[in-house]
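Reading the structure
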Amino acid sequence: MKAITKTSFTFPGQTKVYNGKVRDVYFLGNDRLAMVVTDRISAFDVILPKGIPFKGQILNQIASKFLDETRDICPNWKLSSPDPMVTVGLACKGYPVEMIVRGYLCGSAWRAYKSGVREICGVKLPDGMRENERFPKPIITPTTKAEIGDHDEDISREEILAKGLVPAREYELLEKYALALFQRGTEIAAKRGLILVDTKYEFGSYNGEVYLMDEVHTPDSSRYFYSEGYEEKFAKGEPQRQLSKEFVREWLMDNGFQGKEGQQVPPMTDEVVEGITARYCELYESIVGEKFDRTASLDEAQILSRIDNNVRKNLL
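These notes cover the structure that comes with them. (Residues numbered from 1 in each chain as written. Predicted model: local features only at pLDDT ≥ 70, side-chain atom pairs only at ≥ 80, totals over all residues. Heavy atoms only, no water.)

1. Overview of the overall build of the protein
- The helix and strand tally for the protein stands at eight helices and 17 strands.
- Expected size for 316 residues packed as a compact globule is a radius of gyration near 20 Å; at 19 Å, the protein falls within 12% of this value.
- Per-residue burial over the protein gives 50% buried out of 316 residues.
- In the protein, once contacts between residues fewer than 6 apart in sequence are set aside, the share between residues at least 24 apart is 64%.
- Put simply, the protein shows about 14900 Å² of open surface, and 48% of that area lies on carbon and sulfur atoms.
- Computed over 43 positive and 48 negative side-chain charges, the separation of the two mean positions in the protein equals 2 Å. (Helix = DSSP H or I, 4+ residues; strand = E, 2+ residues; numbered from the N terminus. Rg over C-alpha atoms; globule rule 2.2 N^0.38 Å. Buried < 20%, exposed > 50% of the residue type's maximum accessible area, 1.4 Å probe, protein only. Contact = heavy atoms within 4.5 Å. Areas by Shrake-Rupley, 256 points an atom, 1.4 Å probe, with all protein chains shown as cover. Lys, Arg positive; Asp, Glu negative; His and termini not counted. Charge placed at Lys NZ, Arg CZ, Asp CG, Glu CD.)

Written out as structure tokens, the structure is:
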């Protein structure tokens, strides 16, 4: 199975194309789009030099599942998923912020906390917390929505409203929806023996309503711990067994890369790439509860042809 890192389709009614860090978005007519989830992988807002086979399919299928399972909480952009790597949906006008919901103190928040920071995005944190400790209740730490190549920046609720990035009434809905989605994700994860640690949500407007966009509860947007052993490891101060893209960031940091100017991405050997694929498959199987089929042996041209045919049939 080859990694798909670049696409160049011309679908019926296509008006423009946007190439994100991972997704290629094909706009169709006035209010539709086909989102192709490629096998590109990014970390520290940098696209890494090699793609990860099956990653796009895994991300798209997990997101598609959660979009279906949270539709009762808020409207979302999905209309159909005609191919394992594609979702067709509504072209919403995205808000320029991402809603980060954190249930536990870890990752970048822990790194900031450990350095002495006690307020993140306007949210005050108590002294004496430990890595991977659960917050009394989930907190929202928004970031700006950066363009490709730029870095997302922390921002507070007050700054978002003061700058007029999101109208106050709509921002209240963003917070309400984000917390409700996180609660649903937490409940689903618990049934699979997992803990939803933190995640991000993107929202947009369509016909005057707030819609959930993009991916939901995938390993690119979320961090999971295994429930079994969490308490024991936390008590001993040991690292948690987790499923997320954090292991990619840790590998990069261990090899001297954090996306800073002058730093070089370490070599991505076949072994490294296969290891990342295996971890994505593991998360799929854990959160979806089904075996991921890795038997397909399609080459790049066959995969691209399949996507093109499936999307065209969907648009008829």
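Anyway, onward from the coordinates.
2. Examining helix α4 (residues 168–191)
- If you check α4, its first and last C-alpha atoms are 35 Å apart, about what 24 residues at 1.5 Å a residue would give, namely 34 Å.
- For α4, the set of buried residues is Glu170, Tyr171, Leu174, Glu175, Tyr177, Ala178, Leu181, Phe182, Gly185, Ile188 and Ala189.
- Just past α4, the residue Gly193 takes up positive phi, approximately 75 degrees. (Expected span 1.5 Å × (residues − 1).)

3. A word on unusual backbone geometry
- Phi angles above zero are rare outside glycine, and Phe54 is one such case at about 75 degrees.
- By the element assignment, Phe54 lies in the loop between β5 (46–47) and α1 (55–69).
- You will see that Asp214, though not glycine, has its phi angle at about 60 degrees, which is positive.
- Relative to the assigned elements, Asp214 resides in the loop between β15 (209–213) and β16 (222–226).

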